[in-house]
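Structural characterization, general
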Amino acid sequence: MTSFLVRRLSTAVLILLILSFVIFLLQSVSPGDPARAYVGANASNEMVAAERQRLGLNDPMLQQFTRFLGGLVTGNLGRSLRTRQPVTADIATYLPATAELVVMAFLIALALAALYALSGALRWPGASVGRGVLLLLATAPPFLLALVGIIVFFGQLGWLPARGVGDFQDPGPFGMQLVDTLVHGQADAFADAFKHLLLPAVVLSIAPAVAIGRVFRSSLHGVLGVDYVRTARSKGLTETQVVVHHVVRNAIGPALSMAGLQLGFMFAGVVVVEQIFSWPGIGNYLAASIPVADFPAIAGVTLVLGAIYVLSNVVVDLLQALADPRVTAE
Amino acid sequence: MSTTLVPRWRLKPVAIGGAHMARPTAWALVGLLVAVTLVALFARQLAPYNPIQPVGALNLPPLSAGHLLGTDGIGRDLLSRTLIGIQVSWLSALVVVASGLLIGGTIGLVAGATGGWVDSLLLMRITDLFLALPGALVAIAIVAALGPGLFNTLIGVALVWWPYYARIVRGETKALAARPHVEAAKLAKVGRVRILTRHLLPGVVPTAVITASLDIGNVVLLLAALSFLGLGQQSPAPELGADTARALSQLLSQWWVPGIPGLAVLLLTLIANLGGDAIRSLIPVRR
Amino acid sequence: MTEPVAEVRDFSLSLVRNGVRSPVLRHVDLDIRPGEILGLVGESGSGKSVLALSLLGLLPPESHPVTEGRVTVSGVDLLAAKIDELRRVRREVLGAIFQDPMTSLNPTMRIGRQIGEATHDDAESVRLLETVGVRDAELRLRVYPHELSGGLRQRVMAAIAVAGRGERSDGKEARPGLIVADEPTTALDVTVQAQLLDLLRELRDDFGCSVLLITHDLGVADQIADRLAVLHHGELVEIGKAADVVRNPQHEYTRSLLASRLTLTMPRDERFASTSQAGEGDPEPAVSIRELRRSFGVRWGRGSKQDIVAVDGVDLEIAAGEALAIVGESGSGKSTLLRIVAGLDRPTSGSVTLAGDGGPQMVFQDAGSSLTPWLSIGETLGERLRPLKLSRSDVRDRVTEALAAVDLPPEIAKARPGELSGGQRQRVGLARATMIPPSVLLCDEPTSALDASLAKNMLTLIRDLRARIGMTVLFVTHDLAVARLMGDRIAVMQNGRIVELGPSEQVVSAPREDYTRALLAAVPEIVEGAAS
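Residues numbered from 1 in each chain as written. Chains lettered and ligands numbered in written order. Predicted model: local features only at pLDDT ≥ 70, side-chain atom pairs only at ≥ 80, totals over all residues.

**Description of the overall build of chain A**
Assigned secondary structure in chain A consists of 13 helices and zero strands. Seen in sequence order, chain A has helices and strands lined up from the N terminus as α-α-α-α-α-α-α-α-α-α-α-α-α. Overall, the C-alpha framework of chain A stretches about 85 × 55 × 40 Å when taken along its three principal axes. The long-range share in chain A, meaning contacts at least 24 apart out of those at least 6 apart in sequence, stands at 71%. (Helix = DSSP H or I, 4+ residues; strand = E, 2+ residues; numbered from the N terminus. Contact = placed C-beta atoms within 7 Å.)

Dropping the structure here:
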C-alpha cells in the first residue's frame, strides 16, 4: 500500500509541475503586462520598463520559470492587475467561502447519487419519477438552474435569499460562515448562513449527482448479475446483506472515479454559480478577472484550484485501493 | 460484465435508463438530432430579423405580435438571436467533438495498436497528464491567455478535450488487439497498417461514435458556461450563455430575456443526450 | 425407502433469450435420494445448468422463466415458495459449487469472511478448510481469492457448500442435504479434477449429503456417481445405475455420447503408422527448437519483481510430415512454446528454425474470436491469398476449394463469423490455416471448447488434411487421449520442461516418468466390466 501511495504522490507532483509550466507558458503569451499591476495604469512607459527589469521579465525563459516555481513554493503568485493586491492574499480571502460551497455541494451530490443508484438497482417503487426529474434538471446549464431557482425560491416563494452569504460579520477563525457561526454558538446566524448556502449548493450539486449516480447505478446493475452474487444468494443471505456486503464494495470503483472527475468540473461550475449568487468566493474573483484580462489572478486561481483537484484525485485513488485490493497489485 | 476496477479514464458512456430503447423511439430521436443540425446550419435563413439590430419595442414579452419570443432590452428580436445562438453553440460543439475524436481517436488507435513503449511511456503518459489537469479550468486559462473570441474558445476547449477520447479509443483498441483475430492476421502476414485499418478500426468505431454522441451535450454545456463568463463570441454577436449573463439584472422583471437563451441551451443538451442514448441503443457493441 | 432429498416432477421450463422465448426443459422427472451421488450428463444446450439453478431456486428473473410442474427440495416446492422460505431452504438444506471459481467468489472480500457467512464461526471455517484439504487453513482465512490457485478456490467453494446448517435434534452439526455441483471440475487440471472428485465422494461418505454432479463428460460422472442421468435437448433420455447406463445404454443418444468419447485405448489412425519411425540420416527437420527459454518479469503488489519462467530450456525436433503432441497441465508452458514457434512471441534465449517457406499457421482454441467479426469468411480467407496477387475469380475459386476441404459449402464465404456455429467456425479456422500449405500446423487445444461429437469430427478432419497435404503438425493439449490420437510422438511438459518424449503408444502404455503416470491415472476412464 505504501509503495502505491508513494507512486501516486510522485505522479501528482509531476502533474503539478506540468500544470505550472502550462500556466507559465500561457502567462508569457497573454496580452496583459504584469508589470502594470505594480506601477499602476497611469505610469509612464519608462516606469513600466524599469518595473519589468526589476521583476526580471526580460530574463531568459528558463530562469523565469525557475523563479516562477520558487514563487509558487513560497506562496508568491504575483500581483493582481485589478485589485493591485498580491494574488495569494486575494485567494486567501476568498477561498474559504468557495470551500464551504463546494464541500456542501459535493456532499449533497454524493447523497443524491447514492439515492439515485440504490433506488434504481433495488427497484424502490415510485423512485423513477424522482430520477427522471433529476435527469432533466441535470441537462440544464447550471446558470439556468440558478436563475430558475432564484425566480422560484426567492421571487415567488420568498423562502431563500438570492445573494450573498448573509449579514453575519464573521470574525473567523475559518472564514466559513457555516462553521464559524457554530463555533461562536450563534444559532440564528447559523440558520441564516445555511439558508444562504442551500440554493447555490443544490444548484451546483445536480449535474455531478446525476453523473455519479448513473455510473454507480450502471455498475450496481452489472455487479448484481455476477457469479459471486449468485454464490452469496445460494448461501441464503437476505437481499440487503447481499447488496451491502458483496455488491456495493465491488461496484463503487467507477463511481469513485466519476466523483473525482466531477469534483474537477465542479470547480468550473462554481465560477458561474458564484457569479449569479454574488457568493464572495474564488469563482466570483475569477469571473471578475476575466473581462479585464487580469492574467496573474487567473493563473493564480487556476493553479490553486488545480492543485486541490490533483490532490483530491490522489485521495480518490486511495479510496479505490482500499475498496479493491487488486488495484495495488497492478 | 467485467468486475475489474475502472480507472478514471476508462469510464464508458452510460445510457439513460439502460440501453433498452424501442427502435422507433430511437430513430425518432436521431431524427431530432438531424433536425437540430439542419436548423443550426440554416439559422440565418430561418431567422426573421437581423439579430444584432434593434427591430422592435423594448422588452416585449414572448408571443407578442411579430416577435415569437419577445425582444430584449435594446429591442432586438429574441427568436433571431436564439436561432443564431443555437447555430453557434451546436456547430461549435460538433466541431469540438469532431476534433477531439479525430485527434484523440488517432492517438488512441495508434497507441493501442502499437503497444510497448510508444504506448505506455510516450502517448499515454502525455494523455494521462492532460487528463489529470482540471480540464475546464485549463480551458478558461487558455482562452483567457489567448484573448476572448469564438475561435480561441474552440481551440482552448479542443486542446483539453481530446485526451478523453484518446483514453477510450486506446482502451478499446488494446482490448481488440489482444484478441486472437489480430494474431491470426499477423500469421497471415497482413501488414501493420492494414491490421490497423481492417482488423482494429472497424471494431473501435461503434464505441467511438457512441462516446462522441453522448459527449455533445457536455460540450454544449461547457461552451455555454464559458460564454457566460465572457469568453467566446463578444457582443453584440448573439451567444446563448453570454446573452444570459448580460441580462441577469432583468431576471426578476423580464425573466425571458435571460431565461430564453438558457432554455435554448437546455433544449440543445436534452436533444444531444437523448440522441446519444438513441445512437447507443441502435449500435450493437461487441463484448 | 426414505424420502428423496429432492424431487423433480414433470418439470418444464421456457426462457427468453435474445428476445426469443424457447423451451429449455421438457417434462423432466428426477429423484435424488439421500446419500447418493447422481451424475447428470449433457452437452451444451441440454439445459443441465438451468436444471441446477432451478434446484437452487436461482433462476434469473431477467430471462422471464415460465415453469410447469414441481421442483421440491426437502418438502418445499421451490417454484411456488415465498422468498423467505426459499432463503431458509438455501441456508439449511442446499449447497452449491459452480463452474468458475474465480468469478464465483467475491474478489474484494477475504476468504475467511466469505466462508464465515455460511459458518458464522472462524474455528468452524478452519475445520472445514482442513476437511476439504486446504493446508495452512488459518493463514488462508486472511487471503483474497485472486491469491489462490483455481483448485484451491474450488475447495473453498466446497467448504462453503458443506458448511454447517445449525444443530440437529441429536446434537450433531446438521449438514446440507443436497450439494449441487455444476461442472465443478471443467476449469481445473486433470490431476486437480481427480482430487476434487475424491473430495466430493468423501463429503458424501462423512457427512451423508447427496450430490448432484453436473458435467458434460460421462467419464467424469462415472468416476463417483451411483446413478447416472442423461439430458438431451431438455429431455431426460436415460437414468439408472451408473454401471448399467455405461455398460448397457438404452437410449440412442447415450450410445452416441459413449461412442464419441476419446479414450486411451481406442484404435489409432492407420495412415500414420509408418511415420512414427523417424529414422536416421533424415532430411532437414521441419521444426528445430534449441535451448528455448522464455521468462516474464511480473510485478507483485509490494513492488518487487519476480521472474516467471514459462519455458525452461526446451530442445525438440519435428521431422517433416510428423505430428508431435505436447501434453501438459495449465502453467506447463505448452501454450507459450507454441506461440513462440508461431512467431507471436519472442524467446528470451534459444532459437526456433522452421524449414520451408510456407510459414507457421495456427488453429486457435476459440475459433470465434480468431475470426475478425466484421469481415465475411470469404474476405478473411481471401486475405491469406493477397501475397499471391491473384485475380478476383481465382481468389473466389481458391476460397471455395478451401471451404470444401473442410466440408463446408461455398455459401459460407458470404457469412460473418457470428452467423456460424462453433463447429463451423473451428473448421473455417482450419481452412484458413491450411489454404496454403504451412511449414508447420500449430494447434492450440482446438477442440477443448467443443462438445464430444464435434470434437471427434474436428480431429478427424485435421488428420485427413494432414494425410492429404503431408503437413507437419504440432498439437498442444491437456488431454492425453487426444494427444495419443493426434500425435505420432508425445512430449509431456511440466514447469516449462519436457519431462518425457517418445512414441505415443509407448508413452501411454509404459510411461517412464512419475508425472506421466500421475497424469494417466487422473484421466477419467470408463472401466468396462467392473461393478461400481
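Structure's up, so let's keep going.
**Remarks on the interface of chain A and chain B**
Taken together, the contact pairs 57 residues of chain A with 44 residues of chain B. Residue assignment for the side of chain A that touches chain B shows that the elements contributing at least two residues are helix 1 (2-29), helix 6 (127-139), helix 7 (142-156), helix 9 (187-224), helix 11 (239-277) and helix 13 (295-323) of chain A. The dominant element in the side of chain A that touches chain B, judged by the number of residues it contributes, is helix 11 of chain A, at 14 residues. Of the residues belonging to the side of chain A that touches chain B, the class tally is 39 nonpolar, 15 polar and three charged. (Nonpolar A, V, L, I, M, F, W, Y, C, P; charged D, E, K, R; others polar.)

**With respect to the packing of helix 7 (residues 150-162) of chain C against helix 8 (residues 190-207) of chain C**
Two packed helices can be described by the angle between their axes and the distance between those axes. Residues and elements named next belong to chain C. With their axes 11 Å apart at the nearest point, helix 7 and helix 8 run at an angle of 15 degrees to one another. Relative to helix 8, the element helix 7 is oriented roughly parallel. Helix-helix and strand crossings are classified by hand; for helix 7 and helix 8 the assignment is right-handed. Across the interface between the two elements, G151, Q154, A158 and V162 of helix 7 pack against V192, L196, L199, L203 and F207 of helix 8. By residue class, the composition of the contact of helix 7 with helix 8 is seven nonpolar, two polar and no charged. (Axes fitted to C-alpha atoms, helices over the stretch in contact; angles between N-to-C directions. Parallel < 35°, antiparallel > 145°, perpendicular 65-115°, else oblique. Left-handed = near helix turned anticlockwise from the far one by under 90°.)

**A look at the packing of helix 6 of chain A against helix 9 of chain A**
Residue and element names in this part refer to chain A. Helix 9 packs onto helix 6 with a crossing angle of 120 degrees between their chain directions and a minimal axis gap of 8 Å. When the interaxial angle is binned, helix 6 and helix 9 end up oblique. In this structure, helix 6 meets helix 9 at a crossing whose hand is left-handed. Seen from helix 6, the contacting residues are L134, L135, L137 and A138; seen from helix 9, they are I206, A207, A209 and V210. For the contact of helix 6 with helix 9, the residue count by class is eight nonpolar, no polar and no charged.

**Here's the deal with the interface of chain C and chain A**
The interface is formed by 25 residues belonging to chain C together with 21 residues belonging to chain A. For the side of chain C that touches chain A, the elements supplying multiple residues, two or more each, are helix 2 (83-92), strand 6 (94-97), helix 3 (101-104) and helix 4 (111-119) of chain C. Sort the elements by how many residues they give to the side of chain C that touches chain A and helix 2 of chain C lands first, with four residues. Partitioned by chemical class, the residues of the side of chain C that touches chain A number eleven nonpolar, seven polar and seven charged.

**Some words on the nonpolar core**
Residues B:A141, C:L178, C:L212 and C:L213 are the most contacted members of the largest nonpolar core, which totals 332 residues. Counting residues per element, this core draws most heavily on helix 11 of chain A, which supplies 22 residues. Setting aside residues up to four positions removed in sequence, C:L178 forms contacts with C:V5, C:A6, C:I32, C:V73, C:V93, C:L94, C:C209, C:S210 and C:L212. (Core = buried A, V, L, I, M, F, W, Y, C linked by C-beta atoms within 7 Å. Buried ≥ 20, exposed ≤ 12 C-beta atoms within 10 Å, placed from the backbone.)

**Here's the deal with the pairing of strand 2 (residues 20-32) of chain C**
Summarising the sheet, strand 1 (residues 6-17) of chain C and strand 2 of chain C pair through nine bridges and their orientation is antiparallel. Bridge pairing links C:E7 to C:D31 in strand 2 of chain C. (Pairing = 2+ DSSP bridges.)

**Thoughts on the sheet that holds strand 10 (residues 235-241) of chain C**
The strands that make up a sheet pair up through hydrogen bonds in the backbone, lying either parallel or antiparallel. Residues and elements named next belong to chain C. Taken together, six strands build an open sheet; the order of strands is 6-7-8-3-9-10 and the sheet is mixed. Unpaired on one side and paired on the other, strand 6 and strand 10 mark the two borders of the sheet. Averaged over all neighbouring strand pairs, the angle between strand axes comes to 15 degrees, with direction disregarded. Bridging between strand 9 (residues 227-232) and strand 10 involves six bridges; their strand directions are antiparallel. Of the residues in strand 10, the one forming a bridge with H232 is E235.

**What to know about unusual backbone geometry**
Keep in mind that most residues, glycine aside, have a negative phi and that most peptide bonds are trans. Of note, the phi angle at A:R84 is positive, near 65 degrees, even though the residue is not glycine. Position of A:R84 relative to the elements: it lies in the loop between helix 4 (61-74) and helix 5 (87-121). Notably, C:D136 is not glycine yet its phi reads approximately 50 degrees, a positive angle.

**Remarks on the confidence of the model for chain B**
All names here are of chain B. Of the residues in chain B, 91% have a pLDDT of 70 or more, and the chain-wide mean is 82. Considering each helix and strand of chain B separately, the mean pLDDT is smallest for helix 4 (residues 116-132), with a value of 76, and largest for helix 3 (residues 78-114), with 91. Throughout residues 1-19 the model reports pLDDT below 50, and contacts reaching past four residues in sequence, or to other chains, amount to 42 contacts. (pLDDT = per-residue confidence, 0-100.)

**With respect to helix 4 of chain A**
The terminal C-alpha atoms of helix 4 of chain A, which comprises 14 residues, lie 20 Å apart, in line with the 20 Å expected from a rise of 1.5 Å per residue. One or two steps after helix 4 of chain A, the chain reaches A:G75, where phi turns positive at roughly 95 degrees. (Expected span 1.5 Å × (residues − 1).)

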